[in-house]
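Residue-level listing of the chains:
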Amino acid sequence: MEIKKLTLNTARLDEISHFYSETLGVPIVRSNKNQICLAVGDTQLTFKESTNTAYYHFAINIPSNQITDALSWIKARTNILPFHGNEIVDFKNWNAEALYFYDPAGNIVEFIARKNLSISSTQNFDASSFQHISEIGLPVSDVRVIYEHLNKSCGLTKFSGDYERFCAIGCETGLFITIDYNQKDWIPNNDRAYPYSFSCQIVNDGKRYDIIYNNELLTIKQW
C-alpha cells in the first residue's frame, strides 16, 4: 500500500503553512486562503481550513540509516516528544526506529526509519529526505469491523496487532494505524485519540482507491 494523497483538517492553517513550508522546508504544491498542499516525498499532504479543532497522528518514512541525523535536524527546529525518556524509539518488532514531535495544530508527527526497506542515503538530512507518508492514525470504536472493510474493499492485510485494541493495516510503505480509542491513546504522550474526519488516496496491488473517513465510517471508491 502507498498513501498518494492525504487531506487533514486544521483550525490553524496559517501556522501550519509556515511550519511546514518555512520551518521544515517542505515544498508547496499549491495553496490558497483555504488550504495548502505540500509534497511530503511522494505523498501530497493537504491541510484544509476548518472551524473545528482537529489533530491527527501520521508518520513519514525516512532513509533507513538516518534516524540520528533526523533527530539532530528536527531538534534544531522544534521540540522532540520523548517516549519513556527516549528521543529515539526502537520498535524492535517492526525493525524500525522512530521519533515524534508536534506541529502547530497538535498533530503528532513521526519520522520512522524502517530497516527492512533498506533505503540508504549519504545526503545531509532535510525535507528532501522525506520518502512518503507511511502511516495515518485511524481511531475507531470497533477495530475488527474497520479491518474487515479495508480487507474486503482494498485487499489490505494485517501488518501487526490483535484486531481488538490495535491493528496496523497495510504494509511498511503505507499503514492505517487503527486503534480502539476507548482502550488506547496515541504514543508518545498519551494524547487522547479522536475520530476526526480525513480523506486519502491509496494504491494497493496496482489499484487506486479514494477513502473518506467521517463519523467512524469509511467510504471507499475504486477507480
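Located above this text is the structure these notes cover.
Residue numbers here run from 1 along each chain, matching the order of that chain's written sequence. Per-residue local features are limited, in this predicted model, to residues with pLDDT of at least 70; the limit for side-chain atom pairs, both in listing and counting, is 80 or more; totals at the level of whole chains, interfaces and linings are taken over all residues. Only hydrogens and water are set aside when side-chain values are computed; all heavy atoms of the structure are taken into account.

K.L.:
Which parts of the structure should I look at to understand the overall build of the chain?
P.N.:
What counts as a helix is a DSSP run of H or I of at least four residues, what counts as a strand is a run of E of at least two, and both are numbered from the N terminus. Across its full length, the chain holds three helices and 15 strands. Here the globule rule reads 2.2 Å times residues to the power 0.38, and the radius of gyration is calculated from C-alpha atoms. Its C-alpha atoms give the chain a radius of gyration of 16 Å, near enough to 17 Å, the size a compact globule of 223 residues would have. Its C-alpha atoms give the chain principal-axis dimensions of about 45 × 40 × 35 Å. Throughout, exposure labels follow a simple rule: accessible area from a 1.4 Å probe, protein chains only, divided by the maximum for the residue type, with under 20% read as buried, over 50% as exposed, and the rest as partly exposed. A buried classification covers 50% of the 223 residues belonging to the chain.

K.L.:
Help me out: how do you make sense of the nonpolar core in this one?
P.N.:
If you look at soluble globular proteins, the nonpolar side chains tend to sit buried side by side. Put simply, buried Ala, Val, Leu, Ile, Met, Phe, Trp, Tyr and Cys residues joined by side-chain atoms within 4.5 Å make one nonpolar core. Within the largest apolar cluster, 55 residues are counted, with the highest numbers of intra-cluster contacts made by Phe111 and Phe176. Not counting the four nearest positions on each side in its chain, Phe111 is found in contact with Ile60, Ile62, Ile67, Ala70, Trp73, Ile74, Glu97, Ala98, Leu99, Phe101, Phe125 and Phe130. Counting 18 residues, the second largest nonpolar core, distinct from the first, contains Leu81, Ala96, Ile108 and Trp186. Contacts were defined at the residue level, with two residues in contact if any of their heavy atoms lie within 4.5 Å.

K.L.:
I would appreciate a short explanation of the packing of aromatic side chains in the present structure.
P.N.:
Between two aromatic rings, the relevant description is the distance of the centres plus the angle of the planes. Any two of the Phe, Tyr and Trp rings considered here, Trp counted by its six-membered ring, make a pair once their centres fall within 6.5 Å; the pair's planes then place it as stacked at under 30 degrees, edge-to-face at over 60, or tilted in between. Applying the stated criterion across every chain, the model contains 19 aromatic pairs. Ring geometry for Phe198 against Tyr213: centres 5.5 Å apart, planes inclined by 45 degrees, an arrangement best described as tilted. Taken as a pair, Phe198 in strand 13 (residues 198–204) and Tyr213 in strand 14 (residues 207–214) lie far apart in primary sequence, 15 residues in all. Residue class for Tyr213 comes out buried when judged on its relative accessible area of 0%. By definition here, charges over rings are those cases where NZ of Lys or CZ of Arg is within 6 Å of the ring centre and within 35 degrees of the ring normal. Of note, Lys184 hangs over the ring of Phe166, and the distance from its end group to the ring centre comes to 5.9 Å.

K.L.:
I keep staring at the sheet that holds strand 14 and nothing clicks. Help me out?
P.N.:
Sheet strands associate in pairs through backbone hydrogen bonding, adopting either a parallel or an antiparallel arrangement. Note on pairing: DSSP must find at least two bridges between two strands before they are called paired. Reading across the sheet, the seven strands line up as 2-3-4-1-13-14-15 and stay open at both edges, with mixed pairing between neighbours. With one partner strand each, in any of the chains shown, strand 2 (28–32) and strand 15 (217–222) form the two edges of the open sheet. Strand-to-strand twist in this sheet, taken as the mean axis angle between neighbours without regard to direction, amounts to 15 degrees. By the bridge criterion, six bridges tie strand 1 (residues 2–10) to strand 13 in an arrangement that is antiparallel. Only the stretch in contact is used when fitting a helix axis, every axis being a line fitted to C-alpha atoms; angles between N-to-C directions are given from 0 to 180 degrees.

Everything listed here is a matter of geometry and, on its own, says nothing about what the molecule does.
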